[in-house]
Amino acid sequence: MKMTTGEKIVYALLIISLVMVNPPILGIINDYAAQNPMAFGQPTLLVWLNSWYAFGIVVFLIACFTLKAWKRTYKEEVKR
């Protein structure tokens, strides 16, 4: 089954959100956080991580409600 453009976008966004919370990227953010320890009244690293996790959750929920490939209906088997 071929993936639609919407599915490709959703998978790409989910992969991006996972990459942005992993150690190679966190090293870059940690350097920034050392100079600016607070952002929006919270620790900078916490804001970074929570925003990317929230982004991933929102993308997942939007995909659940909009992608047709994720809306499978299964026939119930009737036992006699």
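Computed from a prediction, not measured in an experiment: that's the story for all the values here.

What's the story with the packing of helix H2 (residues 23-35) against helix H3 (residues 44-66) in this structure? I'm lost.
The relative placement of two packed helices is expressed as an angle between their axes plus a distance between the axes. Where H2 contacts H3, the axes come no closer than 9 Å and their chain directions differ by 140°. Relative to H3, the element H2 is oriented oblique. Along this stretch, H2 crosses H3, giving a crossing that reads as right-handed. Of the residues in H3, those in contact with Ile-25, Leu-26, Ile-29, Tyr-32 and Ala-33 of H2 are Thr-44, Leu-45, Trp-48 and Leu-49. Among the residues making up the contact of H2 with H3, the classes are represented as eight nonpolar, one polar and no charged.

Here is what the cut-offs are and how they apply
- Residues numbered from 1 in each chain as written.
- Predicted model: local features only at pLDDT ≥ 70, side-chain atom pairs only at ≥ 80, totals over all residues.
- Heavy atoms only, no water.
- Axes fitted to C-alpha atoms, helices over the stretch in contact; angles between N-to-C directions.
- Helix = DSSP H or I, 4+ residues; strand = E, 2+ residues; numbered from the N terminus.
- Parallel < 35°, antiparallel > 145°, perpendicular 65-115°, else oblique.
- Left-handed = near helix turned anticlockwise from the far one by under 90°.
- Contact = heavy atoms within 4.5 Å.
- Nonpolar A, V, L, I, M, F, W, Y, C, P; charged D, E, K, R; others polar.

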